[in-house]
Amino acid sequence: MNIILLGPPGAGKGTQAHRLVAGRGMVQLSTGDMLRAARTSGTEMGKQVAAVMDAGQLVTDEIVIGLIAEQLDSNAGNGFIFDGFPRTLAQADALGELLKSKGSRLDAVVEMQVDDEALVGRITGRFTCGECGEGYHDIFKKPAVENVCDSCGATGAFKRRPDDNEAALRTRLMAYYKDTSPLIGYYYAKGQLKRINGLGEIEEVAARISDALDG
Ligand code: AMP
């Protein structure tokens, strides 16, 4: 089953994608993670997109479609989870074509609904373990021992995203409403949209996603 997790920044797409990977053997394709990896490894493309990402703007369709196209030949496990892609109608069209060319298709689009007030609070306090990727939050999910990852035990490896600040978040939200939210109507019209409440405990939201996918 191939699915898209759709929702504004801070809706919890990455967190829920990790759960689907662990629970269902699906493969997460996050264009945000791919772009951050390109920056870390210092590729030409990584250098090109750095300022755009830090400002919270969208990188070009051409770049992200290229990144996804490269991954579609990899082992799909029990299906791909597209996380943070597509973000524009052009990307949505391209994804449909790419999947078709592989003899595959999209099965569901899960829209995670979270109100804007909650997003600001979620994003401005979040950080992750640089070793294992486990996500934390200053208020909602502190590590049991300060500075030590609950999940892998790494010490002093926590990091924050440079675009998780209020100014960049405003730009990211604007890009979501302007460029990405039209995808809700697009997939609704295709009969693929499933809406779930993205507020609540991680487990609760995971159960809603499971119901939406299996129901
Ligand atoms: P994310 O980790 O999904 O929040 O993405 C972080 C940043 O990477 C975004 O704010 C954009 O600058 C860029 N980005 C990620 N995915 C896309 C995409 N599908 N289209 C355009 N820009 C993207």
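Summary of the structure given here. Worth saying up front: this structure is predicted, and the values here are computed from it rather than measured. (Residues numbered from 1 in each chain as written. Predicted model: local features only at pLDDT ≥ 70, side-chain atom pairs only at ≥ 80, totals over all residues. Heavy atoms only, no water.)

**As for the side chain of threonine 180**
Here is the rule: Helix and strand labels come from DSSP, where a helix needs a run of H or I of at least four residues and a strand needs a run of E of at least two; each type is numbered from the N terminus. Think of it in three bands: with a 1.4 Å probe and only protein chains considered, a residue is buried below 20% of the maximum accessible area for its type, exposed above 50%, and partly exposed in between. Polar contacts, as used here, are pairs of N or O atoms within 3.5 Å; protein pairs need one atom able to donate a hydrogen and one able to accept it. Residues neighboring in sequence count only if both atoms are side-chain atoms. Pairs of residues are marked as contacts when any of their non-hydrogen atoms sit within 4.5 Å.
Mapped onto the secondary structure, threonine 180 falls in helix H7 (residues 166-180). By relative accessible area, which is 4% here, threonine 180 ends up buried. At 2.7 Å, the side chain of threonine 180 and the backbone oxygen of arginine 87 are in polar contact. Look past the residues within four positions of threonine 180 in its chain and what remains in contact with it is Leu6, Pro86, Arg87 and Ala175.

**Quick word on the sheet that holds strand E5 (residues 126-129)**
Here is the rule: Following DSSP output, two strands are said to pair if at least two bridges run between them.
An order of E6-E5-E7 is seen for the three strands of this open sheet, with the pairing classed as antiparallel. Every other strand in the sheet has two partners, leaving strand E6 (135-137) and strand E7 (158-159) as the edge strands with one partner each. Relative to E7, E5 is paired through two bridges, and the arrangement is antiparallel. Looking across to E7, one finds that threonine 128 is bridged to lysine 159.

**Considering the packing of aromatic side chains**
The condition that has to hold: What counts as a ring pair is set by centres within 6.5 Å for rings of Phe, Tyr and Trp (its six-membered ring), and what kind of pair is set by the plane angle: stacked under 30 degrees, edge-to-face over 60, tilted for all other angles. We call a charge positioned above a ring when the Lys NZ or Arg CZ atom is no farther than 6 Å from the ring centre and deviates by at most 35 degrees from the ring normal.
Inspection of every chain in the model, using the stated rule, returns six aromatic pairs. When the centroid spacing of 6.0 Å and the interplanar angle of 45 degrees are considered together, the rings of phenylalanine 80 and phenylalanine 82 count as tilted. On the basis of relative accessibility, which here comes to 4%, the residue phenylalanine 80 falls in the buried class. Geometrically, the ring pair formed by tyrosine 186 and tyrosine 187 is edge-to-face, given 4.9 Å between the ring centres and 85 degrees between the ring planes. An aromatic cluster is defined as three or more aromatic residues linked by ring pairs; in this entry it consists of Phe127, Tyr136 and Phe158. Here the guanidinium or amino end of lysine 141 rests over the ring plane of tyrosine 136, the centre of that ring lying 5.1 Å away.

**A look at unusual backbone geometry**
Geometrically, the link from phenylalanine 85 to proline 86 is a cis peptide bond, its omega value of 0 degrees lying close to zero. If you trace the backbone, proline 86 turns up in the loop between strand E3 (80-83) and helix H5 (89-101). Even without being glycine, asparagine 147 reaches a positive phi, approximately 75 degrees. Among the secondary structure elements, asparagine 147 is positioned in the loop between E6 and E7.

**So, H5**
Which entries qualify depends on this criterion: The span one expects for a helix is its residue count, reduced by one, times 1.5 Å. By definition, the arc is the one covered by directions from the helix axis to the C-beta atoms.
Helix length check: H5, at 13 residues, gives a terminal C-alpha distance of 18 Å against a target of 18 Å (1.5 Å per residue), a fit within 8%. Taken together, the buried positions of H5 are Gln91, Ala92, Ala94, Leu95, Leu98 and Leu99. Projected down its long axis, H5 carries its buried residues within an arc of 165 degrees, all on one side. Opposite the buried face of H5, by more than 90 degrees, sit the exposed residues Glu97, Lys100 and Ser101. If you follow the buried residues of H5, they end up packed against strand E1 (3-6), helix H4 (61-71), E3 and helix H8 (182-189).

**Things to note about the pattern of salt bridges**
For side chains bearing opposite charge, pairing can occur when the charged atoms are close. Definition in use: Salt bridge, as used here: a side-chain nitrogen of Lys or Arg that lies within 4 Å of a carboxyl oxygen of Asp or Glu.
Applying the stated criterion across every chain, the model contains 17 salt bridges. Put simply, arginine 160 and aspartate 138 hold a salt bridge, and the shortest N to O gap is 2.9 Å. Residue arginine 160 is located in the loop between E7 and H7, and its partner aspartate 138 is located in the loop between E6 and E7; the two are separated by 22 residues in the primary sequence. For aspartate 138, a relative accessible area of 32% translates into the label partly exposed.

**Structural notes on the site of the ligand**
Rules: One heavy atom suffices: a residue is near a molecule or strand as soon as one of its heavy atoms comes within 4 Å of it. For the accessible areas, the method is Shrake-Rupley and the probe is 1.4 Å, while residue cover comes only from the protein chains on display. Throughout, the ten residues Ala, Val, Leu, Ile, Met, Phe, Trp, Tyr, Cys and Pro are labelled nonpolar, Asp, Glu, Lys and Arg are labelled charged, and all others, Gly among them, are labelled polar.
In the vicinity of the ligand, 16 residues are found, and the nearest of them are Thr31, Arg36, Gln57, Arg87 and Gln91. One nitrogen or oxygen atom from the main chain of glutamine 57 is found 2.5 Å from an oxygen atom belonging to the ligand. Side-chain polar atom of glutamine 91 to a nitrogen atom of the ligand: 2.9 Å apart, as the coordinates give it. Relative to its unbound accessible surface of 480 Å², the ligand loses 96% to contact with the protein. The biggest single contributor to the shell around the ligand is helix H2 (residues 31-40), with four residues. Among the residues making up the shell around the ligand, the classes are represented as six nonpolar, five polar and five charged.

**Thoughts on the state of the cysteines**
So the rule is basically this: Only a pair of cysteine sulfur atoms within 2.5 Å qualifies as a disulfide here.
One pass over the full model with this rule turns up zero disulfides. Free of any disulfide, cysteine 132 has its nearest neighbouring cysteine sulfur in cysteine 149, separated by 3.7 Å. Between cysteine 152, a free cysteine, and cysteine 129, which holds the nearest cysteine sulfur, the sulfur-to-sulfur gap is 3.8 Å. In this structure cysteine 152 comes out as partly exposed when scored by relative accessible area, which is 39%.

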